[in-house]
Amino acid sequence: MKANLLTPLMLLAVLAVPGKALAHAVQTNYLLNSSQTLELEATFGNGEPFKGAKVSVYAPNNPVQPWTQGVTDNQGRFEFEPNSAIEGDWEVTIRQQGHGDILRVPVGDNGIQADLISRGESSDVHYAASPLALIGSAAVAIAAIGTWAIQTKAKKTNA
């Protein structure tokens, strides 16, 4: 009877291996207005605003120190106007608690080249998706399978 109880537990342990939570992936939309101000709107995959996220903008001539910084508002919005005298790829990072997005914003002699804006590596780090959680889930599954095998063998020996 215990072996029958362990079967659903083993299945649960295998299914408990965490996967990427798509609702938490960050997506950033942008709009270039006529004054060359880039308006960003960052949201989670489920449409919830990415509010209070730290935004850092790096100029091409100094990719280490932020040219400007700020936070997204309650709607996940942030805007900035790069210095058009500094041509090249500007980098915008939006981060908060392991979630984030990166945009590369090319600026030429005519200002922002909106049609060439691209995404960098997004980050979506969760404790549940860490290697330790995967190892823990695998250990639970192996222990459940081992227990089931031992109990099944003991049942056959006693019969």
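Structure shown above.
Residues numbered from 1 in each chain as written. Predicted model: local features only at pLDDT ≥ 70, side-chain atom pairs only at ≥ 80, totals over all residues. Heavy atoms only, no water.

**A few points about the pairing of strand β5 (residues 77-80)**
The criterion, for reference: A simple rule labels every residue: compare its accessible area, found with a 1.4 Å probe on the protein chains alone, to the largest value its type can have, and call it buried under 20%, exposed over 50%, or partly exposed in between. Secondary structure elements are defined from DSSP: runs of H or I of at least 4 residues count as helices, runs of E of at least 2 residues count as strands, and each element is numbered from the N terminus. Two strands are counted as paired when DSSP detects at least two bridges linking them.
Here β5 shows one buried face, formed by Phe78 and Phe80, and one open face, formed by Arg77 and Glu79. Pairing analysis gives four bridges linking strand β2 (residues 38-44) to β5, with the strands arranged antiparallel. The partner of glutamate 39 across the bridge, within β5, is glutamate 79.

**Here's the deal with the nonpolar core**
Operational definition: Residues belong to a common nonpolar core when they are buried Ala, Val, Leu, Ile, Met, Phe, Trp, Tyr or Cys residues joined through side-chain atoms within 4.5 Å. Here a residue-residue contact requires only that any non-hydrogen atoms of the pair lie within 4.5 Å.
In terms of nonpolar packing, the biggest core is built from 21 residues, with Leu40, Val92, Ile94 and Val105 touching the most fellow members. For this core, the secondary structure elements donating two or more residues are β2, β3 (54-58), β5, β6 (88-96) and β7 (99-108). Top contributing element to this core by residue count: β2, with four residues. Look past the residues within four positions of valine 105 in its chain and what remains in contact with it is Leu38, Gly88, Asp89, Trp90, Val92, Ile112 and Ile117.

**What about the sheet that holds β5?**
Hydrogen bonds between backbone atoms are what pair the strands of a sheet, whose relative direction is either parallel or antiparallel. To keep it simple, the criterion reads: Angular values range over 0 to 180 degrees, each being the angle between N-to-C directions of two axes fitted as lines to C-alpha atoms, with helices fitted over their stretch in contact.
Read across the sheet, three strands follow the order β1-β2-β5 without closing on themselves; strand pairing throughout is antiparallel. Of all the strands in the sheet, just β1 (26-32) and β5 have a single pairing partner and so form its edges. Adjacent strand axes in the sheet meet at a mean angle of 20 degrees when their direction is disregarded. When β1 meets β2, the two strands line up antiparallel, connected through seven bridges. In the strand pairing of β2, threonine 28 is matched with alanine 42.

**Some remarks on the packing of aromatic side chains**
Rules: Centre distance within 6.5 Å is the pairing criterion for rings of Phe, Tyr and Trp, where only the six-membered ring of Trp is used; planes under 30 degrees apart are then read as stacked, over 60 as edge-to-face, and the remainder as tilted.
Counted by the stated rule, this structure contains two aromatic pairs. A centroid spacing of 5.1 Å and a plane angle of 75 degrees characterise the contact between phenylalanine 44 and phenylalanine 50, whose relative ring orientation is edge-to-face. Take phenylalanine 44 and phenylalanine 50: they sit in the same class, and that class is buried. For the pair tryptophan 67 and tryptophan 90, a centre-to-centre distance of 4.8 Å together with 85 degrees between the ring planes defines the contact as edge-to-face. Linking tryptophan 67 in the loop between β3 and β4 (68-71) with tryptophan 90 in strand β6, this pair joins segments that are 23 residues apart in sequence. A residue is classified by how much of its surface remains accessible, and tryptophan 90, at 0% relative accessible area, is buried.

Worth remembering: the numbers are spatial, not functional.
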